[in-house]
Each structure stands twice: as C-alpha cells, then as structure tokens.
Amino acid sequence: DTEVTQTPKHLVMGMTNKKSLKCEQHMGHRAMYWYKQKAKKPPELMFVYSYEKLSINESVPSRFSPECPNSSLLNLHLHALQPEDSALYLCASSQGPGGYGYTFGSGTRLTVV
Amino acid sequence: AQSVTQLDSQVPVFEEAPVELRCNYSSSVSVYLFWYVQYPNQGLQLLLKYLSGSTLVKGINGFEAEFNKSQTSFHLRKPSVHISDTAEYFCAVSDPGTGTASKLTFGTGTRLQVTL
C-alpha cells in the first residue's frame, strides 16, 4: 500500500459545527503532516507529527485541533470555523527527514458556510 | 531559512513543444529539491527529486530537472508536452530535518497550460 487516504473528500459545515478530517497511511511512515491549500496558492504547513507526537505547530488557530491516535492515523478536528477557513486540506506522510519527500493524499475540500 | 521562487505563474505551450519551468531557491544549509504536480481537485504527486550526485535528475512522465548550485536553480524540463500535462507544478525545498520529520517549503506554483 503506497497511498495516503483522506476522508471525506468533500465537507460542508456551518460555523457552529464540529467535524473531523481523517487521514490514514499504511506505509510505516513515522512522520505525518497537515497542509492547508487555498485556491491558486501553494500548500501551507499547519502541523507536523513525528512518532505520534506533535513536533511543529505553525501558529494555527485553536479552532483546528490535530490528533495522532496511532502511527497510521492522523485526524484534524474542526470547531467554530470561519468562512475564510474554506480550503483544500491535504495530509501527507514521509519515511524520514529531508530527502525522502512526502506522499500526499488527495485532500478534503472543506467549505464553511 | 529557505525559500523557493517560481518565476512564471503561467506557461502556455502547444502540444509536442518543449517546455521549461523555472525554479530558484535560497538556503543557508544544504537542501533537497523536489518538483510536484497537482491536477485539478487532487493532491500533489512527486515528479522527481534531487538529493545529491548527478545534477540531471529524471522523473516520471518524461520530465527531468537540472540542479545548478552556482545559480541556485532547479529548472524542470520536458522535450515534448502532451495535453495531459496541463496542471499546476510546484517546486519545493526541504531542510535535512530532525528525527523523522522535515519541513517542505513550496514555491508559488506554475500553471502549465498545453493547447493543440
């Protein structure tokens, strides 16, 4: 299995809702990432998990809450989002630091209404 | 700190013509360089990467890139493009990282538009 699987593919939520994005990989990668991508922009790093511990938080608002329950799963819990949070949320994993690069999932298209 | 500059936001090209997408980087340490492609409403797919060694790197779908340390460039080329190459292309740089994780920094992207 050489894929990163993200669910759901599309999500529409109200500003008072609570929802979660899910990411799964079975490649044995020990680093997992959340990126946010606005239209016609490059991906922006949000969070990095290394060995299931949060290692980087790029000053993301607390309405986004990551969770890494085990080495294969990464969740992003969403609460009280704003319309400007509408974006493509990408999950990625990597085998190691530096030169391995990332394997990306196909993303969750989030719309906040 | 590291950064990536993609000089062209859009590159229009006719099918079967050659193409070059430009990328320049800056970093105070050794870096690894990558090109990713993103098709509409999809995630990013790795085209190729430069870690060390030969400066000419061959990737998938007939793409290649050349690392030039003196010019801090990593331009992507394809000798003959196809309609299916129409997509957004991102150049990215990674630091050596610590532990198992590393930070990937992307350029602003180049939209390759191939027409008949």
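All values derive from a computational prediction rather than experimental measurement. (Residues numbered from 1 in each chain as written. Chains lettered and ligands numbered in written order. Predicted model: local features only at pLDDT ≥ 70, side-chain atom pairs only at ≥ 80, totals over all residues. Heavy atoms only, no water.)

Participant: Whenever I open this one, the overall build of chain B confuses me. Can you help?
Facilitator: Looking only at helices and strands, chain B features zero helices and 12 strands. Reading the secondary structure of chain B in the N-to-C direction produces β-β-β-β-β-β-β-β-β-β-β-β. Against the globule reference of 13 Å for 116 residues, chain B gives a C-alpha radius of gyration of 14 Å, in line with a compact fold. Taking the principal axes of the C-alpha coordinates as reference, chain B spans close to 45 × 30 × 25 Å. By residue count, 45% of the 116 residues in chain B fall in the buried class. Expressed as a percentage of contacts within chain B between residues at least 6 apart in sequence, the contacts between residues at least 24 apart total 57%. (Helix = DSSP H or I, 4+ residues; strand = E, 2+ residues; numbered from the N terminus. Rg over C-alpha atoms; globule rule 2.2 N^0.38 Å. Buried < 20%, exposed > 50% of the residue type's maximum accessible area, 1.4 Å probe, protein only. Contact = heavy atoms within 4.5 Å.)

Participant: Looking at this structure, I do not really get the state of the cysteines. What am I missing?
Facilitator: Linking two cysteines covalently via their sulfur atoms produces the bond known as a disulfide. Within the structure shown, the criterion is met by two disulfides over all chains. Note that Cys23 of chain A is cross-linked by a disulfide to Cys91 of chain A, the S-S spacing being 1.9 Å. With the S-S bond torsion at -70 degrees, the cross-link from Cys23 of chain A to Cys91 of chain A turns out left-handed. Note that Cys23 of chain A is positioned in strand β3 (residues 18–25) and Cys91 of chain A in strand β9 (residues 87–94), a separation of 68 residues in sequence. The buried category is assigned to Cys23 of chain A, whose relative accessible area is 0%. Each sulfur of the disulfide joining Cys23 of chain B and Cys91 of chain B lies 2.0 Å from the other. Between Cys23 of chain B and Cys91 of chain B the disulfide shows an S-S torsion of about -65 degrees. By sign, it is left-handed. Residue Cys23 of chain B is located in the loop between β3 (19–21) and β4 (24–27), and its partner Cys91 of chain B is located in strand β10 (residues 87–94); the two are separated by 68 residues in the primary sequence. The class of Cys91 of chain B is buried, set by a relative accessible area of 0%. No disulfide involves Cys68 of chain A; its sulfur sits 9.2 Å from that of Cys23 of chain A, the nearest cysteine. (Disulfide = S-S within 2.5 Å.)

Participant: Is there a simple way to explain the sheet that holds β3 of chain A in this structure?
Facilitator: Neighbouring strands of a sheet are bound in pairs by backbone hydrogen bonds; such pairs are parallel or else antiparallel. All names here are of chain A. In space, the four strands of this open sheet follow the order β1-β3-β8-β7, with antiparallel pairing throughout. Bordering the open sheet on either side are β1 (4–7) and β7 (64–70), each of which pairs with just one other strand. When the angles between neighbouring strand axes are averaged without regard to direction, this sheet yields 20 degrees. Across four bridges, the pairing between β1 and β3 is antiparallel. (Pairing = 2+ DSSP bridges. Axes fitted to C-alpha atoms, helices over the stretch in contact; angles between N-to-C directions.)

Participant: Any chance you could explain the pairing of strand β5 (residues 32–38) of chain B here in plain terms?
Facilitator: The side chains of a regular strand alternate between both faces of the sheet. Residues and elements named next belong to chain B. Most of β5 is tucked away: six of the seven residues are buried. Taken together, the six bridges between β5 and strand β6 (residues 44–50) define a ladder with antiparallel strand orientation. Within the sheet, the bridge partner assigned to Gln38 lies in β6 and is Leu44. From the end of β5 to the start of β6, which pair antiparallel, there are five residues, and Asn41 there has a positive phi angle of about 60 degrees.

Participant: For this particular structure, what's the right way to read the pattern of salt bridges?
Facilitator: Close approach of charged atoms allows side chains of opposite charge to pair. Applying the stated rule across the entire model yields nine salt bridges over all chains. Between Glu64 of chain B and Lys58 of chain B there is a salt bridge, with the nearest N and O atoms lying 2.8 Å from each other. Residue class for Lys58 of chain B comes out exposed when judged on its relative accessible area of 61%. Each member of the salt-bridge network shares a partner with another, and the members are Lys36, Arg63 and Asp85 of chain A. (Salt bridge = Lys/Arg side-chain N within 4 Å of Asp/Glu carboxyl O.)

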